[in-house]
Amino acid sequence: MDIKNIFSVLQVNSKKEYFEDIISEDNFRIERIISEGHTTPNDFWYDQDEDEFVLLLKGFAKLMFEDGSIVELNEGDYLIIEKHVKHKVIFTSTETKTFWLTCYYKRKS
């Protein structure tokens, strides 16, 4: 059994946003993301084939959706983004690392 800490930054280079699969199965994936001032490029939208549960563990972030709505996430906030709802990250804190836990899953019909 290998114990890890969700807030560990030993292998993280703050110049690049950090993505780590914690669990990856056929229809389910848990990912840890660490951001520090990182945002989605202006000309790109996430458009996933899976639903996404997003939990902001630490830090602060803003998401924009294709309809122009903006959601602010504080520590402990979570939301579910349904598949093919286009979105992007438009802000993450530069004063502290932002820790995300995302779960991607495919709903049964």
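Above this text you will find the structure in question.
Attention in this report is confined to the structure presented alongside it. Please read all numbers here as calculations on a predicted model, not as lab measurements.

**A closer look at the environment of Ile 81**
As for its placement among the helices and strands, Ile 81 is situated in strand β6 (residues 78-81). The buried category is assigned to Ile 81, whose relative accessible area is 2%. Sequence-wise, Ile 81 and Phe 65 are 16 residues apart; in three dimensions their C-alpha atoms are separated by 9.9 Å. In this view, Ile 81 contacts Glu 50, Asp 51, Glu 52, Val 54, Leu 63, Phe 65 and His 87; residues no more than four positions away in its chain are not counted.

**Overview of the pairing of strand β8 (residues 98-105)**
Counting buried positions along β8 yields eight of eight residues, so the element is predominantly enclosed. Burial along β8 is two-sided: the residues Thr 98, Trp 100, Thr 102 and Tyr 104 and Phe 99, Leu 101, Cys 103 and Tyr 105 are all buried. Of the strand pairs in this sheet, strand β2 (residues 28-35) and β8 are connected by eight bridges, and their pairing is antiparallel. Paired with Ile 34 across the bridge in β8 is Phe 99. Where strand β3 (residues 51-58) lies against β8, seven bridges are found, and the strand directions are antiparallel. Across the sheet, the residue bridging to Leu 56 is Trp 100, located in β8.

Reading guide: rules and limits
Residues numbered from 1 in each chain as written. Predicted model: local features only at pLDDT ≥ 70, side-chain atom pairs only at ≥ 80, totals over all residues. Heavy atoms only, no water. Helix = DSSP H or I, 4+ residues; strand = E, 2+ residues; numbered from the N terminus. Buried < 20%, exposed > 50% of the residue type's maximum accessible area, 1.4 Å probe, protein only. Contact = heavy atoms within 4.5 Å. Pairing = 2+ DSSP bridges.

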